Amino acid sequence: MDVKDGLKDVVATETSISRIELVDGKAILEYRGYDIHELAQNSTYEEVAYLLLFGELPSKSELELFTEELKERRELPPQVVGLLTHLSPFSHPMVALRTAVSYLGTMDRNIAYTSHEISIEKAKNLIAKFPTIVAYFHRIRMGEKLVHPNDDLGHAANFLYMLHGEEPTETMVRAMDLDFILHADHELNASTFAARVAASTLADMYACVVAATGTLIGPLHGGASQRVMEMLREVALPWRAEKYVQEKLERGERIMGFGHRVYRNVMDPRTIELKKLAKKLSEEKDSKWYEISEAIEEAVRKHKNLLPNVDFYSASVYANLGIPDDLFVNIFAIGRISGWTAHIIEQYENNSLIRPRAKYVGPKSRKYVPLSER
Ligand code: ACO
């Protein structure tokens, strides 16, 4: 038995949702065949979510209908609001999100059905409600009044409005929207794989999304951006970056926001877009986060030859949008829910139970010793 640690480079399934290809030292990332840079420049999150779920870009009327459908589904059932008020205010917001997802499942009479139509309905519901769960839990834990969804605002603008209680500027909306687009899908990353493993048992969509949210929170995956922010705060000044990085590497520690399982020695295309965005926002907000991030990037390249991943520049983008550090991974999840649900549906529709093997390395064929003789 040949073991591939961490399933490195194992091709575990086929997908038509997103494509990563490394060509001549450059990485291509496409959603349903559309280049991420083009989508980043021209699209909106609603359009990208539609593309991921249905496989095609929507017509104008299809997009209008989809956008309306999301708006109609934004509000949470009172029971879920009640649940959020009962959670400990010290709970990590990502734990609150996965608990709320599980609770939503208890209210869905169609929970066990996996047909295409019913799954699409569930997906729309989850895409629409994720921002509300995150914003409501944040306001509840801060002891602030809930800000209900505003139907005049798009997905990204409405999220910032519900979170901060005031309408965001155009730059903030565009930045949030772009961030959601860039996080919407990424082939067989760990959380999507977790969702697909659950879906392969024909578990309900809520269970699959709980598996995905539970996997995303880890610091080696989506949880890295919160740690990046902690690092930016600790470094505090660009000239201190090199010493910080050197000392951390000497202690054998990892620098959060660097390295990637797929993009080894190749820049993650999402990082290219996020870096531009982080620079623009830092200039507009006159904040120091971009400068510190750039100094860290330079130092890590020099001392370990590693490139920043999607979580690295996300941190300064979120900080400049006024988002608290421990909500960073939730922001990732708000973007990724469209990809997760698209993958769950794809798995349901071309299913084979995901059940790999393990090479046994423990003691073999031992003789059982009765308790009285041990
Ligand atoms: N800091 C320091 N060294 C690193 C880092 C890092 N961030 N990432 C990898 N390395 C080193 C390893 O120590 C190892 O070095 P060695 O060969 O000298 O022992 C080498 O690079 C290869 O590392 P692996 O762990 O084998 O690479 P793998 O593909 O398994 O790990 C991972 C990928 C988990 C993302 C890793 O790069 C990491 O821990 N990064 C920090 C956490 C992070 O930013 N996660 C977010 C990833 S993006 C996302 O999930 C959305």
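Residues numbered from 1 in each chain as written. Predicted model: local features only at pLDDT ≥ 70, side-chain atom pairs only at ≥ 80, totals over all residues. Heavy atoms only, no water.

As annotated in an unreviewed UniProt entry, the protein carries the name Citrate synthase and comes from Geoglobus ahangari. Comment text from UniProt for the protein, heading Pathway (unreviewed entry), reads "Carbohydrate metabolism; tricarboxylic acid cycle." Under the UniProt heading Sequence similarities (unreviewed entry), the entry covering the protein gives this text: "Belongs to the citrate synthase family." (UniProt positions renumbered as here; feature names shortened; annotations may be inferred.)

## Quick notes on the overall build of the protein
Looking only at helices and strands, the protein has 16 helices and three strands in total. Taken over the C-alpha trace, the protein has a radius of gyration of 21 Å; the compact-globule value for 374 residues is 21 Å, and the two agree within 12%. Over its C-alpha atoms, taken along the principal directions, the protein stretches across nearly 70 × 55 × 50 Å. Relative to its 374 residues, the protein shows a buried fraction of 50%. A separation of at least 24 residues holds for 74% of the contacts in the protein among residues at least 6 apart in sequence. Carbon and sulfur atoms make up 51% of the accessible area of the protein, which amounts to about 18100 Å² in all. Across the protein, the mean location of the 46 positive side-chain charges is 9 Å away from that of the 53 negative side-chain charges. (Helix = DSSP H or I, 4+ residues; strand = E, 2+ residues; numbered from the N terminus. Rg over C-alpha atoms; globule rule 2.2 N^0.38 Å. Buried < 20%, exposed > 50% of the residue type's maximum accessible area, 1.4 Å probe, protein only. Contact = heavy atoms within 4.5 Å. Areas by Shrake-Rupley, 256 points an atom, 1.4 Å probe, with all protein chains shown as cover. Lys, Arg positive; Asp, Glu negative; His and termini not counted. Charge placed at Lys NZ, Arg CZ, Asp CG, Glu CD.)

## Points about the UniProt feature "active site" (unreviewed entry) in the protein
Cross-referencing UniProt, the feature "active site" (unreviewed entry) maps to His 260 and Asp 311 in the present numbering. Of the residues just listed, which span 52 residues, no C-alpha pair is farther apart than 10.4 Å, and they cluster in one region. Secondary-structure assignment places His 260 in the loop between helix H12 (241–250) and helix H13 (269–285). Exposure remark for His 260: the relative accessible area of 25% places this residue in the partly exposed category.

## Structural notes on the packing of helix H6 (residues 116–141) against helix H7 (residues 155–164)
Two elements in contact, H6 and H7, have axes separated by 8 Å at closest approach and are oriented at 15°. Regarding the angle of H6 to H7, the classification is roughly parallel. Judged by the twist between their axes, the crossing of H6 over H7 is right-handed. Listed contacts from H7 to Ile 127, Ala 128, Pro 131, Thr 132, Val 134, Ala 135, Tyr 136, His 138 and Arg 139 of H6 are His 155, Phe 159, Met 162, Leu 163 and His 164. Each residue belonging to the contact of H6 with H7 can be placed in one class, and the counts come to nine nonpolar, four polar and one charged. (Axes fitted to C-alpha atoms, helices over the stretch in contact; angles between N-to-C directions. Parallel < 35°, antiparallel > 145°, perpendicular 65-115°, else oblique. Left-handed = near helix turned anticlockwise from the far one by under 90°. Nonpolar A, V, L, I, M, F, W, Y, C, P; charged D, E, K, R; others polar.)

## A word on the nonpolar core
Ranked by size, the top nonpolar core spans 112 residues in total, and within it Leu 126, Phe 130, Phe 159, Met 176, Val 209, Ile 296 and Ile 323 carry the most contacts. In terms of residue count, helix H16 (residues 328–349) provides more of this core than any other element does, twelve residues in total. Shared between two domains, this core takes at least three residues from each, and those domains are domain 1 (18–218 + 325–349) and domain 2 (224–320). (Core = buried A, V, L, I, M, F, W, Y, C linked by side-chain atoms within 4.5 Å. Domains from an automatic or database assignment.)

## Quick notes on the site of the ligand
Lining the immediate surroundings of the ligand are 20 residues, of which His 221, Arg 254, Ile 255, Gly 257 and Arg 261 lie closest. Between Gly 257 and the ligand, the recorded distance is 2.8 Å, taken from a backbone N or O atom to an oxygen atom. Contact with the protein chains covers 71% of the free accessible surface of the ligand, which is 910 Å². Among the residues forming the shell around the ligand, the class breakdown is ten nonpolar, five polar and five charged. (Near = heavy atom within 4 Å. Polar contact = N/O pair within 3.5 Å; in protein donor to acceptor, adjacent residues only side chain to side chain.)

## Examining the domain arrangement of the protein
One can read the domain layout of the protein as domain 1 (18–218 + 325–349) and domain 2 (224–320). Taken over C-alpha atoms, the centre of domain 1 sits 25 Å from the centre of domain 2. If you look at the interface, domain 1 gives 29 residues, while domain 2 gives 28 residues. Approximately 2300 Å² of surface area, both sides summed, lies buried where domain 1 meets domain 2, with 64% of it carried by carbon and sulfur atoms. Three residues stand out in domain 1 for area buried against domain 2, namely Leu 182, Asp 325 and Phe 328, and they jointly supply 26% of the buried area on that side. Here Arg 233 makes a salt bridge to Asp 325, at a shortest N to O gap of 2.7 Å. (Buried area = accessible area lost by both parts, 1.4 Å probe. Salt bridge = Lys/Arg side-chain N within 4 Å of Asp/Glu carboxyl O.)

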